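Okay, here's what each chain looks like letter by letter:
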Amino acid sequence: MMDTGDTAWVLISAALVFIMTPGLAFFYGGMVRSKNVLTTIMQSFFVLALISVEFILIGYTMAFGPDVNGFIGSLDKIGLTGIGLKVMEGSTIPELAFVAFQCMFAALTPALITGAFAERMKFAAFTVFILLWAVFIYNPMAHWVWGGGFLAELGALDFAGGLVIHILSGVSGLTICLLLGKRHGYQHTAMLPHNLPMTVLGATLLWFGWFGFNAGSALGANALAANAFIVSQAAAAAAAVSWVLVEWKFNGKPTILGAVSGCVAGLVAITPAAGFVTPMPAVLIGLIGGVICYFAVAVLKEKLGYDDSLDAFGVHGIGGTWGAIATGLWATTEVNPAGANGLFYGDTHLFTAQLISIVVAYVLAIGGSFVLYQLVHSFMETRADEAEELTGLDIIEHGERGYTRGVLTSSPLLGSFETSSEMLANTVMQMNMAEKG
């Protein structure tokens, strides 16, 4: 029987998850240079439309259709065939409400990838790659974990997407950024965020929407949703604090970019565990997650030299990995009888299942993204050339500018617009390099 309260909560949660993708567009958009702000926002906004259509046509049935050998859903529900207005089996909500909720997850996930290769991928190639990625990487993984596939049978737990969303998107993003190569001038030219207030706005929308993301995964207005809500807040807040403190110690100044990055890292880390852990472990998950992700962004990336432009891997890949591990440590059936006990509650099975599922997610993300990229690259130009990068993809790809001459300072040498702070930073860096030479 349908419960109106549960249905209302799931639909509200779907709307909350919806706002996360435009929030991500602002979050990423503020971190790029001004000449690429519209391109970056467009990638997230267009993905929201493109993948919504894909999910309704084929994605939902691939992920949640009747299981076929633990690998994929059958095509019985292609185009949402046969769903109608009936209540979903084993729940108190119409299946269409579940479709709406999962559609927002499917749309957000590929948008997360864009942060890894921002400012250098051509839009046509990006569009084809993302569509293929959603069909052949996201949909199967969603089935393996949430749709009754082999990882679910193994006992892996992922309440709201640490494996399916964050590891998959972060590791795929790293793979693509390595295949595309670094931005021209990376590590030699300052590439500063052009609008940090925009990034803070985006992070705030992400934090707000994440309550629907995690608490909505309870699929009802119930105690489990309340638990997921409070542990999400606890982990996000703890990670923001730990990131800022460690950044303050090592860099000498606490930054707003660090605060919002830490908040997102904490939300990523708690996502797979939100329906299985109590508040105190959630605080620890956030505190540790903020520190781990900070070092992934500030130390690991610098040491290895890869150009993960907006730290999609450092926050989502690493944060999701930690969250999946933490679920195997602190999950307890006291919170969710349908879950399992983790290592700290005397059971080793879940921890083992989590490690196996992490390996599977990494293999699928790396192998699948590599194959799909090579396929697209074989018949399309994927990378902007040096002149196009210097001009900026807003003009080259979309024929638009995010700002007018009255706001920004023209740079005739670059054929684009730069903020005064960017020009000053570039000048200082060039002077420092000249002194060292």
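Use the structure listed above.
From a predicted model like this one, the values you see are computed outputs, not experimental measurements.

### What about unusual backbone geometry?
Here is step 1 of the chain: One non-glycine residue, Glu119, lies in the positive phi region at around 80°.
Here is step 2 of the chain: Of note, Glu119 is situated in the loop between helix H3 (95–113) and helix H4 (123–146).
Here is step 3 of the chain: We note that Leu219 has phi near 60°; this positive angle belongs to a residue other than glycine.
Here is step 4 of the chain: Position of Leu219 relative to the elements: it lies in the loop between helix H7 (196–215) and helix H8 (223–251).

### Examining the packing of H8 against helix H9 (residues 256–270)
Here is step 1 of the chain: Contact geometry of H8 with H9 gives a least axis separation of 7 Å together with a crossing angle of 140°. In terms of their interaxial angle, H8 and H9 are classed as oblique. For H8 against H9, the interelement crossing comes out right-handed. On H9, the residues that touch Val231, Ser232, Ala235, Ala236, Ala239, Ala240, Trp243, Val244 and Glu247 of H8 are Gly258, Ala259, Ser261, Gly262, Cys263, Ala265, Gly266, Leu267 and Ile270.

### Section: the side chain of Ser357
Here is step 1 of the chain: Residue position: Ser357 is located in helix H12 (residues 349–379).
Here is step 2 of the chain: When its relative accessible area of 0% is taken as the criterion, Ser357 is described as buried.
Here is step 3 of the chain: Ignoring any residue separated from it by four or fewer positions in sequence, one finds Ser357 in contact with Met141, Leu151, Ala156 and Leu163.

### Brief notes about the nonpolar core
Here is step 1 of the chain: Ranked by size, the top nonpolar core spans 127 residues in total, and within it Phe27, Phe129, Met141, Phe213 and Ile285 carry the most contacts.
Here is step 2 of the chain: Setting aside chain neighbours within four positions, we find Ile285 in contact with Ala269, Ile270, Ala273, Val277, Trp322, Ala326 and Trp330.

### Focus on the pattern of salt bridges
Here is step 1 of the chain: Scanning the model with the defined rule gives 9 salt bridges in all.
Here is step 2 of the chain: Salt-bridge contacts for Lys77 lead to Glu95; the nearest nitrogen and oxygen are separated by 2.7 Å. Of this pair, Lys77 sits in the loop between strand E2 (72–73) and H3 while Glu95 sits in helix H3, and the two are 18 residues apart along the sequence.
Here is step 3 of the chain: Look at Lys77 and you get partly exposed, because its relative accessible area is 22%.
Here is step 4 of the chain: Using a relative accessible area of 5% as the deciding quantity, one classes Glu95 as buried.
Here is step 5 of the chain: The partner of Arg383 in a salt bridge is Glu389, and the shortest N-O contact between them spans 2.5 Å.
Here is step 6 of the chain: Residue classification places Glu389 among the buried positions, given a relative accessible area of 4%.
Here is step 7 of the chain: Because the salt bridges share partners, they merge into one network encompassing Arg33, Glu119, Arg120, Arg183 and Asp307.

### A closer look at the environment of Asn69
Here is step 1 of the chain: Along the chain, Asn69 falls in the loop between strand E1 (67–68) and E2.
Here is step 2 of the chain: The exposed category is assigned to Asn69, whose relative accessible area is 77%.
Here is step 3 of the chain: Each C-alpha atom of the pair Asn69 and Gly148 lies 9.7 Å from the other, and the pair is 79 residues apart in sequence.

### A few points about a nonpolar patch on the surface
Here is step 1 of the chain: Taken together, Leu284, Leu287, Ile288 and Ile292 make up a surface patch of nonpolar side chains, about 270 Å² in accessible area.
Here is step 2 of the chain: Its place among the elements puts Leu287 in helix H10 (residues 279–304).

### Describing the side chain of Ser217
Here is step 1 of the chain: The residue Ser217 is located in the loop between H7 and H8 in this model.
Here is step 2 of the chain: Here Ser217 falls in the buried class, since its relative accessible area comes to 15%.
Here is step 3 of the chain: Here Ser217 is in contact with Phe101, Phe105, Phe159, Ala160 and Gly212, once residues within four sequence places are set aside.

Definitions and limits used
- Residues numbered from 1 in each chain as written.
- Predicted model: local features only at pLDDT ≥ 70, side-chain atom pairs only at ≥ 80, totals over all residues.
- Heavy atoms only, no water.
- Helix = DSSP H or I, 4+ residues; strand = E, 2+ residues; numbered from the N terminus.
- Axes fitted to C-alpha atoms, helices over the stretch in contact; angles between N-to-C directions.
- Parallel < 35°, antiparallel > 145°, perpendicular 65-115°, else oblique.
- Left-handed = near helix turned anticlockwise from the far one by under 90°.
- Contact = heavy atoms within 4.5 Å.
- Buried < 20%, exposed > 50% of the residue type's maximum accessible area, 1.4 Å probe, protein only.
- Core = buried A, V, L, I, M, F, W, Y, C linked by side-chain atoms within 4.5 Å.
- Salt bridge = Lys/Arg side-chain N within 4 Å of Asp/Glu carboxyl O.
- Patch = residues over 30% accessible without salt bridge, like charges linked within 9 Å, V, L, I, M, F, W, Y side chains within 5 Å.
- Areas by Shrake-Rupley, 256 points an atom, 1.4 Å probe, with all protein chains shown as cover.

Limitation: the analysis is restricted to geometry and does not speak to function.
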